[in-house]
Amino acid sequence: LGAGDVIEIGVREGVSTLALLLGLKETNGQLWSVDVIPCPVAVERVKAYGLEPWWHFREEPSEAFWPWAVAQGMRPALILIDGDHTYEAARADLASALALCPSAGWIVLHDALAYPAEVGRAVSEALQTGAAVGVTLPYGHGLTVLRRSV
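Residues numbered from 1 in each chain as written. Predicted model: local features only at pLDDT ≥ 70, side-chain atom pairs only at ≥ 80, totals over all residues. Heavy atoms only, no water.

Give a description of the pattern of salt bridges that names residues and reports values.
Throughout the structure, instances matching the rule amount to three salt bridges. Among the ionic pairs, Glu60 bridges to Arg58, the shortest N-O distance being 2.7 Å. A relative accessible area of 16% means that Glu60 is categorised as buried. The residue Arg91 makes a salt bridge to Glu125 at a minimum N-O spacing of 2.5 Å. Of this pair, Arg91 sits in helix α4 (residues 87–100) while Glu125 sits in helix α5 (residues 118–128), placing them 34 residues apart in sequence. Since its relative accessible area comes to 44%, Arg91 is described here as partly exposed. (Salt bridge = Lys/Arg side-chain N within 4 Å of Asp/Glu carboxyl O. Buried < 20%, exposed > 50% of the residue type's maximum accessible area, 1.4 Å probe, protein only. Helix = DSSP H or I, 4+ residues; strand = E, 2+ residues; numbered from the N terminus.)

This is the structure:
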């Protein structure tokens, strides 16, 4: 995997998938997307834009993906987490992302101020324990941008 590769947890209809892939096409990076459902709308959108060469979709729970990513030696430049919005799942995804992401990499979590703030609770915990540094932008459902503490 190259230094510009990205992991996306949660695909749904592929809105963020397309945005990420359009950028990765320019840098020849790869996107590894994970969702528990097949996401047929996202698959069709990726095909319609001809972005399949840069996309790897894995239909599985994120808790199954993370050990695989570690075994592959992934060191992504960016991890986008927008999957299961329960506190337990968000906390587990964030902990896995912090362990996998290099210190120069970025972790972005969507919906930090929604559902009802379960993702935000996981983020607050990571910030309070010193595992990460970052900020939550208070727009819409909240977007948190983090880096692993070194």
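Quick rundown of the pairing of strand β1 (residues 6–9)? Include the residues and the values.
Side chains Val6 and Glu8 of β1 all project onto a buried face; the interleaved residues Ile7 and Ile9 project onto the opposite face, where all are buried too. Where β1 and strand β2 (residues 31–35) come together, four bridges link them in parallel fashion. The residue bridging Glu8 from the neighbouring strand is Ser33, located in β2. In this fold, β1 hands off to helix α1 (residues 15–27), which returns the chain to β2; that crossover is right-handed. Judged from the four bridges that link them, β1 and strand β4 (residues 78–81) form a sheet pairing that is parallel. Each residue of the ladder has a partner; that of Ile9, found in β4, is Ile81. (Pairing = 2+ DSSP bridges. Right-handed = clockwise from strand over helix to strand, strands pointing away.)

Give me the lowdown on the environment of Thr136, citing residues and values where you can.
With respect to the helices, strands and loops of the structure, Thr136 is situated in strand β6 (residues 132–137). The exposure class of Thr136 is partly exposed, given its relative accessible area of 27%. Along the backbone, Thr136 and Thr17 are 119 residues apart, and their C-alpha atoms lie at a distance of 21 Å. Those residues in contact with Thr136 that sit more than four places away from it in its chain are Ala112, Leu113, Val123, Gly142, Leu143 and Thr144. (Contact = heavy atoms within 4.5 Å.)

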